[in-house]
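Below are the chains, spelled out letter by letter.
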Amino acid sequence: MKKIIITGGAGFIGSHLIEKLIKTEIDEILVIDDLSTGKSANLSKFNDSNKVKFINEKVEDVQNLDEMSKGYDL
């Protein structure tokens, strides 16, 4: 099982990276973005995907980030 975390995934580069990775053998993509510069519309195309999970927070404000990131490969 391959799992990755993308910070800033709602931005231009992040959302295009998700678009490419979703077509690969990646099983789960955790996106952390507070939408301060990114757009929720960039993530809306992944709403039907069971691979993409979204946390709407600054990465430094995510509670238990160390614990949550265990099991992720990248």
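About the criteria used
Residues numbered from 1 in each chain as written. Predicted model: local features only at pLDDT ≥ 70, side-chain atom pairs only at ≥ 80, totals over all residues. Heavy atoms only, no water. Buried < 20%, exposed > 50% of the residue type's maximum accessible area, 1.4 Å probe, protein only. Helix = DSSP H or I, 4+ residues; strand = E, 2+ residues; numbered from the N terminus. Arc of directions from axis to C-beta. Contact = heavy atoms within 4.5 Å. Salt bridge = Lys/Arg side-chain N within 4 Å of Asp/Glu carboxyl O.

Caption draft 1: Geometry of helix H1 (residues 12-21). For H1, the full list of buried residues reads Gly14, Ser15, Ile18 and Leu21. Down the axis of H1, the sector holding all buried residues measures 125°, keeping them to one side. Across H1 from its buried face, at more than 90 degrees, point the exposed residues Phe12, Ile13 and Lys20. Structurally, H1 contributes buried residues whose contacts are with strand E1 (3-7), strand E2 (28-32), helix H2 (40-44) and strand E3 (52-55).

Caption draft 2: A look at unusual backbone geometry. Here Leu35, not a glycine, exhibits a phi torsion of approximately 60°, which is positive. By the secondary structure assignment, Leu35 is in the loop between E2 and H2. Judged by relative accessible area, which is 26%, Leu35 ranks as partly exposed. Despite not being glycine, Asn64 has its phi angle at roughly 55°, a positive value. Within the fold, Asn64 resides in the loop between E3 and helix H3 (65-68). Looking at Asn64, the relative accessible area reads 57%, which means it is exposed.

Caption draft 3: Quick peek at the pattern of salt bridges. Scanning all chains against the criterion turns up three salt bridges. Linking Lys2 and Glu25 is a salt bridge whose minimum nitrogen-to-oxygen distance equals 3.3 Å. With a gap of 23 residues between them, Lys2 in the segment before E1 and Glu25 in the loop between H1 and E2 connect regions that are remote in the sequence. Between Lys70 and Glu67 there is a salt bridge, and its shortest N-O distance comes to 3.3 Å. For Glu67, a relative accessible area of 52% gives the class exposed.

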